[in-house]
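# Examining the three-dimensional arrangement
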Amino acid sequence: MKAYIKLEGDVTAEDSFYLKELANLIEKECDLSLEIEKTESQPGVKDSGLAIAIAIASLAGRSYSSNFNLCCAILQRLLLRGGQNQSKFCLLLT
């Protein structure tokens, strides 16, 4: 099983920050390897691009209930982030 979380629409620096924070939390707490997809960096800008997606490489070897709990925790974190300008996102499980 693989998971892919992608922000939809106009991604702000704040959205990117929270997505990177979520990626760090998943990596640290769940001991999973993942990749962060970023936008192309702009010329003359020190930032390496905004984070727009997280791809969790593999959930193999984990029980289905463990994977389900992880997905629920991710959704809860994204939905409860709050704020007026909460971004839309999609979560794809394959």
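These numbers come from a predicted model, not from an experiment. (Residues numbered from 1 in each chain as written. Predicted model: local features only at pLDDT ≥ 70, side-chain atom pairs only at ≥ 80, totals over all residues. Heavy atoms only, no water.)

### Section: the sheet that holds strand E3 (residues 51-56)
Read from one edge to the other, the open sheet built from 4 strands follows the order E2-E3-E1-E4, with strand pairing classed as antiparallel. Of all strands in the sheet, those bounded by a partner on one side alone are strand E2 (34-38) and strand E4 (88-93). On average, each strand axis in the sheet is inclined to that of its neighbour by 15°, with strand direction left out of account. Two elements, E2 and E3, share 5 bridges in a ladder whose sense is antiparallel. Along E3, the bridge assignment pairs Glu-35 with Ala-55. The strands that helix H1 (residues 13-30) touches are strand E1 (3-8), E2 and E3; relative to E3, the one it contacts most, it runs at about 20°. (Pairing = 2+ DSSP bridges. Helix = DSSP H or I, 4+ residues; strand = E, 2+ residues; numbered from the N terminus. Axes fitted to C-alpha atoms, helices over the stretch in contact; angles between N-to-C directions. Contact = heavy atoms within 4.5 Å.)

### A short note on the side chain of Ser-16
Position of Ser-16 among the secondary structure elements: in helix H1. A polar atom in the side chain of Ser-16 sits 2.7 Å from the backbone nitrogen of Ala-51. Ignoring anything within four residues of it in the chain, the contact list for Ser-16 reads Val-11, Leu-50 and Ala-51. (Polar contact = N/O pair within 3.5 Å; in protein donor to acceptor, adjacent residues only side chain to side chain.)

### Topic: the nonpolar core
Grouped together as the largest cluster of nonpolar side chains are 17 residues, with contacts concentrated most on Ile-26, Ile-54, Ile-56 and Ile-74. Looking at this core, the elements with two or more residues in it are E1, H1, E3 and helix H2 (64-79). In terms of residue count, E3 provides more of this core than any other element does, 5 residues in total. Other than its neighbours up to four places away in sequence, Ile-74 contacts Ile-5, Leu-22, Ile-26 and Ile-56. (Core = buried A, V, L, I, M, F, W, Y, C linked by side-chain atoms within 4.5 Å. Buried < 20%, exposed > 50% of the residue type's maximum accessible area, 1.4 Å probe, protein only.)

### Focus on the confidence of the model for the protein chain
Within the protein chain, residue pLDDT values average 76, and 71% of them lie at 70 or more. Within the protein chain, the lowest mean pLDDT, 72, falls on H2, and the highest, 89, falls on E2. (pLDDT = per-residue confidence, 0-100.)

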